[in-house]
Each structure stands twice: as C-alpha cells, then as structure tokens.
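Next come the chains, spelled out residue by residue.
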Amino acid sequence: MEERIVKVDEAYAGMRVDKAICQILDYSRKRVKDMLDEGLVKINGKKTKASYTLQIQDELTFEIPEEQDYEAKPEAMELDIVYEDHDVIVINKPKGMVVHPAPGHYSGTLVNGLLYHCNDLSGINGVMRPGIVHRIDKDTSGLLVVCKNDKAHESISKQLQDKTCHREYLALVHKPFSHTDGTINAPIGRDEKDRKKMAVTSKNSKEAITHFTVLKNYKEYAYVRCSLETGRTHQIRVHMQYIEHPIVGDPLYGPRKTMDTEGQLLHACKLTFVHPSTNETMSFESKLDPIFEDVLQKLEEE
C-alpha cells in the first residue's frame, strides 16, 4: 500500500478533504469515501471525516490501496463516432467522460464503450487502454483518434512523436490579451510539490510548445484557439497558467474564484493525421460542448 503526504497550501486550503483528494488523485467520490471509511486518510496524524475543511500547513496523509489486476469490460453506451473504418475510429468525446479505466474510474469510460462497439482494438497499450494512442482529460471535450489494430497504432504514435499529427483546441481563459497571438515554449514536468499536477520546470521535464491565437477578448476573459506542437500531459492548461491566463473552470490550474463550469472550458476542436493504410491526410472538426457554448453566448449578451 502506497503512502502519500501532501502539505496543504493555498491551492487546497478551505476545501473539504474529500474533494481535495478527488482532485489530487483524480478518484471518484465513492472511492475516496471508501478510503475515508477505512481510515486510510489522516490529517496531522489523526483519522478524519470527509467534511473536514483543510487549513494551511495541515499535513494530509493518505494510503492508496494496491491496484488489483483489471481488464476493461464492454459497456453499452452512446458514442459520438465522427468517422470509422477498419483501422481507426475518430470519436467526439463529451465533457465528463474518462478516456480509459484507471483507479477510481473502472467503468463508464470511453474504452468500456468502445469495447462494446467493436472488439478489434489495438493491444499495444494493454488491457486497460486498448486502442488508446493519445488521450484528452476527463473534463476536456472533443476529438481523439482510436486505433483498431497495432499497425494503425504504431503509425499514429509515430505521427505524434514526429509532430505531424495536428491537434487544435478552443479555450476560454481568464483576462483579455493585449496581443493577438503568441507561442509558449516552456518545458513541462511533474510538479515537485503536488505529484498530481504538472508544471513548467527545468527538472525532469520535456520540451513543450503551444501556439495560440486570440479569437475574441471579453471584459474579464479571452476566447483563444491553441495549436499543439508537442503533446505533454495537461500542456495547454499548464501553459495558460504559466502566462497568467489560466483556463476558466480549471480545478487544478485555475484560480479558486472562477465560473462553475464542471471543469475546464477546453475543447479539442480539430484533429488532422495521415491515414495508416491509405496515406491520405484526414482532417476532422467538432462543435463546442453545450456547456462551453452556453458560456460564450452569455458573454456575448453582456
């Protein structure tokens, strides 16, 4: 059983302990409740209740039960399939859906639905992530490509490594811009203070480059289009925080006071890649998630 210790800082002070652990571990509320019921969570060395409000300098300790062997199971669900052939499936993932099973999310994921839809997914990433060659966060909506065989998986993976698979995102961020576009070239690695987060750092990091264009400025926000040159975990979210324009609704990298948008307003709007068999360049676009669309509409009406 793994033990983890977190010193509470401003990011979590004033938050309920159960909600904080959900964010730190990306676990479901039920899984965190079970940890609390089993006495696996302590504050300053003492067992605690879910309702405890964290204070600055509290020492939060939790024990993480060892993962059990698990194989993703097929589940019937409605999938927004944009394109499908014998090699790939392009999916428009809704906001709130986890891409593949992980501790705290063993059902209801995109992979569970894909296994019900078809049983010919690539096996390179194992039984927990069949077909998954890249992913987007649970609360990010939009396009991703899933591979149905190992040949396709290797092809798309190489395109991602070679930066020839292009991905564009739309985001609403805090604060308007004084300029119309820019490039963020800042390496990203694991945050040393919080292992659940990523950060711009020179230690154990990888190159990360994001290009952005300002589509419209609002009084307190900006609507931007981002193009990824690299594909690091949480890249756009980290980079936008780094330039002091964090994404609206982002629970990890955004300010405490932000819109209640059920997670960050970030949408994977365009995906371009070369087909693994035909060598044809394929490009797909998707409309904004309804929550994102409603927020923009309200800003236009102000």
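Residues numbered from 1 in each chain as written. Predicted model: local features only at pLDDT ≥ 70, side-chain atom pairs only at ≥ 80, totals over all residues. Heavy atoms only, no water.

*Asks:* Hey, could you go over the packing of helix 1 (residues 17-25) against helix 2 (residues 29-37) for me, with residue numbers and the actual values?
*Replies:* Interhelical geometry of helix 1 versus helix 2 gives an angle of 120° and a closest axis separation of 9 Å. Taken together, helix 1 and helix 2 sit at an angle that is classed as oblique. Relative to helix 2, helix 1 is oriented so that their crossing is right-handed. On helix 2, the residues that touch Val17, Asp18, Ile21, Cys22 and Leu25 of helix 1 are Arg29, Val32, Met35 and Leu36. For the contact of helix 1 with helix 2, the per-class residue count stands at seven nonpolar, no polar and two charged. (Axes fitted to C-alpha atoms, helices over the stretch in contact; angles between N-to-C directions. Helix = DSSP H or I, 4+ residues; strand = E, 2+ residues; numbered from the N terminus. Parallel < 35°, antiparallel > 145°, perpendicular 65-115°, else oblique. Left-handed = near helix turned anticlockwise from the far one by under 90°. Contact = heavy atoms within 4.5 Å. Nonpolar A, V, L, I, M, F, W, Y, C, P; charged D, E, K, R; others polar.)

*Asks:* Can you tell me about the side chain of Thr48, naming the residues and giving the values?
*Replies:* Examined against the element boundaries, Thr48 turns out to sit in the loop between strand 3 (46-47) and strand 4 (59-64). Given a relative accessible area of 14%, Thr48 falls into the buried group. (Buried < 20%, exposed > 50% of the residue type's maximum accessible area, 1.4 Å probe, protein only.)

*Asks:* Requested: an account of the environment of Leu271, with residues and values cited.
*Replies:* If you trace the backbone, Leu271 turns up in strand 15 (residues 266-274). Spatially, the C-alpha atom of Leu271 lies 42 Å from that of Thr53, the residues being 218 residues apart in sequence. Residue contacts for Leu271: discarding those within four places in its chain leaves Val90, Leu143, Leu144, Val145, Cys165, His166, Arg167, Met282, Ser283 and Phe284.

*Asks:* Could you give me a rundown of the sheet that holds strand 10 (residues 188-190), with the residues and numbers involved?
*Replies:* Sheet architecture is open: three strands sit in the order 11-10-12, paired in antiparallel fashion. Pairing within the sheet leaves two strands with one partner each, and these edge strands are strand 11 (198-200) and strand 12 (205-206). Looking at chain direction, strand 10 and strand 11 are connected through three bridges and run antiparallel. Looking at the pairing, Ile188 lines up with Val200 of strand 11. Across the sheet, helix 5 (residues 235-242) lies against strand 10 and strand 11, angled at about 45° from strand 11, the strand it touches most. (Pairing = 2+ DSSP bridges.)

*Asks:* Pulling in residues and values, what's your account of unusual backbone geometry?
*Replies:* Despite not being glycine, Asn44 has its phi angle at roughly 55°, a positive value. Along the chain, Asn44 turns up in the loop between strand 2 (41-43) and strand 3. Exposure remark for Asn44: the relative accessible area of 44% places this residue in the partly exposed category. The phi dihedral of Lys163 falls on the positive side, at around 65°, and the residue is not glycine. Inspection of the secondary structure assignment puts Lys163 in the loop between helix 4 (150-161) and strand 8 (166-174). The exposure class assigned to Lys163 is partly exposed, which follows from its relative accessible area of 32%.

*Asks:* Any details on the pairing of strand 16 (residues 281-285)? Residues and values, ideally.
*Replies:* Burial of the side chains of strand 16 is restricted to one face: Met282 and Phe284 are buried, whereas none of Thr281, Ser283 and Glu285 on the reverse face is. For strand 15 and strand 16, the ladder comprises five bridges, and the chain directions are antiparallel. Looking at the pairing, Thr272 lines up with Ser283 of strand 16. Taken together, strand 15 and the strand that follows it, strand 16, pair antiparallel across an intervening segment of six residues, in which Asn279 is found at a positive phi of about 65°.

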